[in-house]
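# Notes for the structure review
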Amino acid sequence: MSSNLELDLLAKIAHIANSPSDLGDRLQEVVTVLADMIRVEACSIYLSEGDVLVLKATKGLNPALVNNLKFKIGEGILGRTAKVRTFQLVRNGELGEGIILDPISGGEGLQAKGLLSVPIVDERGCCLGVISLHSMTSNSFLEDFSDDKAKLFSVIASQISGIIRTAQLFQDLKQKLYVQTKMGEVSQALSSAWVNLPDLLNLIAKTCVEITGARGCILRLLDPYTGMLSVKAIYGLQREDITRPDLKLGEGLAGWVAENGEPILAEDVSKDVRFLKTLRFTARSILCVPIKSRDYVMGTLSLLDKDPLTGRQSFSKDDLNLLSGLASHAFMAIEHARYYERMEELASDNWLRLKELSILYHINTAMRSTVKLDRLLKIILTGVTIGGGLGFNRAILFLVNETTNQLRGIMGVGPSNPDEANRIWSKKSTEQKPLVEMITEDPEPYEETEFERAAKKIWIPIHPNQGVLARTVIEKKAFNVAEDPSYLGESRGIMQTLGVTRFATVPLIAKDRVIGVLYVDNAYNHIPITDKDMNLLQMFADQAALAIENTNLYAHLEARNKQLKEVQDQLVQSEKLAALGEMAAAMAHEIRNPLVTLGGFARRLAKDADLKEQGRKYVEIIVKEVSRLEKILEDILTFSRKSELRFQESDVNTILRETLEVLSEEIAEKEIEVNKILLTGLHKVKVDTQQIKQVFINIIQNSIEAMPERGRLNIVTYNNRLGDQDGVTIEFSDTGGGIPPEILDNIFNPFFTTKDSGTGLGLAIAHRIIENHHGIISVKNRPGKGVTFVINLPVDPVAAT
Amino acid sequence: MKTILVVDDEKHMRLLYEEEFKEDGYEVITASNGREALESVKMRHLDLVILDLRMPEMDGVEFLRTVRETHRDLPIIISTAYGDYMQRDFSVWLSNGYVVKSSDLNALKQKVKELLKEA
């Protein structure tokens, strides 16, 4: 070859080297130029990929072989060339050592006459590929291969190496630029204000695949509660392809990565003991990195199988770094998104709580507006059922009746059927009054719904086998029957009566006592009753119970006051009457004396024989009139003295025994020892039995109160004389320690009492009664020991006048 | 002849009783209060006393208590305008009887007869 030819060749190749076309085209141009100018049958360029040489450009061989014809590095001439990086030359069919693979067919044996194989080496000494020229016939170029020619080919080879290198660098640059762009997109998405976690995860998975060229990406996140690594996002495959969406820590490659916080680059997973088949298809190579911060691992990013179309099967270190970078971005973004979600949750929670408290506050305000029980119950039930309140469909309030041990329905609020419900709700929702007003306003007089009527008819014995309502009272806890169907069996009665299968009950507890039950249901809109609802209901029920208790106390106070006032009025009245009576009596007594003398002398006059007819008549009239006056006086005195006394012959001993019977409990309570010495053959006395009994009761009660426990009460009866007639005496002696003299003097005075209770009147009343019977009552002190009451009764009080 | 002492603070009452009992054949002495009555008792023998309760200076009850210390068996009838026992006192038991004043003196007279018969 002439030096012109050589220069020409070099020039052409240099020209190709500088052209902007892509690598494949340029290599093709090179082989064409070489084949033409050296006049060989075929010129081919092979590039090394991994451990094989792949045909990339040829002039002379079948073009279909490009990218498909491969030789292992180290085998055959070409392989050896790549391996040892020296020229290989075959002339005239002389084969060197080792196997020669035919560059055309790829089989053993060489068909060419001459073959030149030149290594393409880069500046670092790596073999990038091989140029091969071969001719079928004798070729002068190959035959006369000299050092010059060798040098020439070295230069050509280094040119081609340059081409390849720059092409590679250019490709790398393009790739890096692409990655940067993609990362930029991801960063922007990650830092945008609107954060939707699932979309974010999908974006991350997609980006991974795009920047690495992998077949698919699986993003898993670790659930802190269950400890499972679960698939959260995928790209490049389907959900159905994943057979194991949840892995335990340590299971499989992803599990290992999550547990150890270190990435895995597995080129052939079948060779890795940690591998667990989690996919329907078989992956060949997997790259898995942890999504983590310095402190903890949040999840894993796995890439499967580099895209076979790009020609590279396994992941590289660069891919690992890229992915790790993306993973740390992902970590921040996911953390951020989670915080945001949590914030929203808390805010919503807070708002709900505020709303609940607000409702309770308003209902409470409404409850405090009244002390009347029925009004309060209405308010409570309205608060529970009204839309702006707790919002249940229907409610019934039951109160415990302790005497009968029953739970009685006192009041219900709620519509009877869905139509009614809708009507009421649509009406109420158009009114925009504040909650308190709506609850407390007096309803226009309206017809009770059937439900409300039925509620008042419900009564349930408080016994453990009587169903949920009774159990609410006994066990002092709430029941949510919708949530736990095991209660259904016990609640059949209620279910039938009210027509529901889901309802809730809460106890109304005031001062640790269950005073009633609040029943609620959502019979029309069927909204389930949640735990939160139950909590709110219980809080409300506690308030309601206190309010009800208050009204009860208030009612008691009112009743007591009324009672006291009545008694007071009566007392005042009777004292007034007594005073009046006394005044009348005093007056009557004053009048009596003059009447006696008047009448007496008139009678004397009537006895005078000298009196004429007319005079006699006049005198008789005077006598009659005086008698009349005396009768009137007598009546006045009788009236003021006696009040509905019915005298009948009675046995005082019997009355005493009856009295002790009546007081047996009080006596037993204080363990008082009662000794009776009752005379047999006691005179019968004409008395008003009830009143005398009252006297005995009052005296004995007085003694019981004065005595400590295990005191002694002696009762003695005997016959006696009172004035000019027979009578009986009853003595009561106690061991109450005696009474100081200043009190003793006033002991029968109704307005003098040392006790705070009303029994100070007892003795005063006793005194009055005995007076009415024309008897005598007195008290003797036995200082240090006790007192003795002595009652004397005439046999016939009427005769005693 | 039996002697009756009439004790009453009212003059007309004393007069009426005096006239009535004199007519029945009794000797009648009067006193206007308890103290006077005691003096009479001391001074002479009496067969019976008709005693009013409400009197000034010394009332009937006090007279009764005092006189009983010395004259246990002296018959004494209480004759009073007060229809019921206003005395919160055992002392009325010290009398031999009780009669409410009336313009018709028969009941009193009957009582007097009874007591004097026994005596």
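Here's what I pulled together on the structure shown here. (Residues numbered from 1 in each chain as written. Chains lettered and ligands numbered in written order. Predicted model: local features only at pLDDT ≥ 70, side-chain atom pairs only at ≥ 80, totals over all residues.)

## Brief notes about the overall build of chain A
Where we set the bar: Strands are runs of DSSP state E lasting at least two residues, helices are runs of H or I lasting at least four, and both sets are numbered from the N terminus onward. Any residue whose C-beta has 12 or fewer other C-beta atoms within 10 Å is treated as exposed, any with 20 or more as buried, and any in between as partly exposed, C-beta atoms being built from the backbone. Think of it this way: build a C-beta for each residue from its backbone, and any pair within 7 Å is a contact.
From N to C terminus, chain A includes 21 helices and 25 strands. By the burial criterion, 32% of the 801 residues in chain A qualify as buried. For chain A, the proportion of contacts with a sequence separation of at least 24, taken over those separated by at least 6, is 62%.

## Digging into the overall build of chain B
For chain B, the count of helices and strands is four helices and five strands. Counting from the amino terminus, helix and strand elements in chain B follow one another as β-α-β-α-β-α-β-β-α. Buried positions account for 41% of the 119 residues belonging to chain B.

## Quick look at the packing of helix H1 (residues 3-18) of chain A against helix H2 (residues 23-38) of chain A
Residue and element names in this part refer to chain A. Note the following rule: A fitted line through C-alpha atoms serves as each axis, taken over the contacting stretch for helices, and the angle formed by two N-to-C directions is quoted from 0 to 180°. Angle categories: roughly parallel below 35 degrees, roughly antiparallel above 145, roughly perpendicular from 65 to 115, and oblique for all the rest. Each residue gets one label: Ala, Val, Leu, Ile, Met, Phe, Trp, Tyr, Cys and Pro are nonpolar, Asp, Glu, Lys and Arg are charged, and the others, such as Gly, are polar.
With their axes 10 Å apart at the nearest point, H1 and H2 run at an angle of 170 degrees to one another. Taken together, the axes of H1 and H2 lie roughly antiparallel to each other. Contacts between H1 and H2 involve Leu5, Leu9, Lys12, Ile13 and Ile16 from the former and Arg26, Glu29, Val30, Val33 and Met37 from the latter. Taken together, the residues that form the contact of H1 with H2 break down as seven nonpolar, no polar and three charged.

## Comments concerning the sheet that holds strand S1 (residues 42-49) of chain A
Residues and elements named next belong to chain A. Threshold: Only when DSSP finds a minimum of two bridges between them are two strands counted as paired.
Taken together, six strands build an open sheet; the order of strands is S3-S2-S1-S6-S5-S4 and the sheet is antiparallel. Both outer strands of the open sheet, strand S3 (70-72) and strand S4 (88-90), are each paired with one neighbouring strand and no more. Each strand axis lies, on average, 20 degrees off the axis of its neighbour in the sheet, ignoring direction. Looking at chain direction, strand S2 (residues 52-59) and S3 are connected through three bridges and run antiparallel. The residue bridging Leu53 from the neighbouring strand is Phe71, located in S3.

## Focus: the sheet that holds strand S3 (residues 48-51) of chain B
All names here are of chain B. Here five strands make up an open sheet; going across it, the order is S2-S1-S3-S4-S5 and the pairing parallel. Strands with a single pairing partner mark the edges of an open sheet, and in this sheet they are strand S2 (27-31) and strand S5 (97-100). Across the sheet, the axes of successive neighbouring strands diverge by a mean angle of 20 degrees, strand direction being ignored. By the bridge criterion, four bridges tie strand S1 (residues 3-7) to S3 in an arrangement that is parallel. The partner of Leu5 across the bridge, within S3, is Val49.

## Some points on the environment of Lys22 of chain B
Note that Lys22 of chain B resides in helix H1 (residues 11-23). Sequence separation of Lys22 of chain B and Thr3 of chain B is 19 residues, and the distance between their C-alpha atoms is 9.8 Å.

## Details of the packing of helix H2 (residues 34-43) of chain B against helix H3 (residues 60-70) of chain B
Residue and element names in this part refer to chain B. To keep it simple, the criterion reads: Rotating anticlockwise by less than a right angle from the far helix to the near helix defines a left-handed crossing, while the corresponding clockwise rotation defines a right-handed one.
Viewed as axis vectors pointing N to C, H2 and H3 meet at an angle of 25 degrees, and their least axial separation amounts to 9 Å. By the criterion of interaxial angle, the relationship of H2 to H3 is roughly parallel. In this structure, the crossing between H2 and H3 has a hand that is right-handed. Residue-level inspection shows Gly34, Ala37, Leu38 and Val41 of H2 in contact with H3, the latter providing Gly60, Glu62, Phe63, Thr66 and Val67. Broken down by class, the residue content of the contact of H2 with H3 amounts to five nonpolar, three polar and one charged.

## Observations regarding unusual backbone geometry
Residue and element names in this part refer to chain A. Positive phi values are uncommon outside glycine, yet Asn67 reaches one of about 75 degrees. The class for Asn67 is partly exposed, based on 14 C-beta atoms found within 10 Å. In the Ramachandran plot, Asp512 falls in the positive-phi region, its phi being about 70 degrees despite a non-glycine side chain. With respect to the secondary-structure elements, Asp512 resides in the loop between strand S17 (503-510) and strand S18 (513-521).

## Regarding helix H6 (residues 197-212) of chain A
All names here are of chain A. The following threshold applies: The length a helix should cover is 1.5 Å for every residue beyond the first. When we speak of the arc, we mean the arc of directions from the helix axis to the C-beta atoms.
Look at H6: 23 Å from first C-alpha to last across 16 residues, which is about the 22 Å you get at 1.5 Å a residue. All of the buried residues in H6 are Leu200, Leu201, Ile204, Ala205, Thr207, Cys208, Ile211 and Thr212. Buried residues along H6 cover an arc of 160 degrees about the axis, so they all sit on one side. Phi for Gly213, located one or two positions after H6, is positive at around 75 degrees.

## Examining the environment of Glu420 of chain A
Residue and element names in this part refer to chain A. Inspection of the secondary structure puts Glu420 in helix H10 (residues 418-430). The partly exposed category is assigned to Glu420, around which 15 C-beta atoms lie within 10 Å. C-alpha separation for the pair Glu420 and Tyr524, spaced 104 residues apart in sequence, amounts to 10.0 Å. Dropping the residues within four chain positions of it, Glu420 is found in contact with Pro415 and Thr449.

## Some remarks on the nonpolar core
Residue and element names in this part refer to chain A. Keep this limit in mind: Nonpolar core, as used here: buried Ala, Val, Leu, Ile, Met, Phe, Trp, Tyr and Cys residues forming one set through C-beta atoms within 7 Å.
Counting 44 residues, the largest nonpolar core has Ile204, Ala205, Cys208, Cys217, Leu301, Leu303 and Leu323 as its most contacted members. Counting only elements with at least two residues in this core, the list comes to H6, strand S7 (214-222), strand S8 (228-235), helix H7 (252-260), strand S11 (286-292), strand S12 (297-306) and helix H8 (317-367). Per-element accounting of this core gives the leading share, seven residues, to H8. In this structure Cys208 touches Ala214, Cys217, Leu301, Leu303, Leu323 and Leu326, once residues within four positions along its chain are discounted.

## Looking at the pairing of S18 of chain A
Residues and elements named next belong to chain A. Most of S18 is tucked away: seven of the nine residues are buried. Relative to S18, strand S13 (residues 394-401) runs antiparallel, the two being bridged by six bridges. Residue pairing for S18: Leu399 is matched across the bridge by Gly516. Hairpin remark: S17 followed by S18, antiparallel, with two residues in the connecting loop; positive phi at Lys511, about 50 degrees.

Interpretation note: all reported values are geometric properties and have no functional meaning in isolation.
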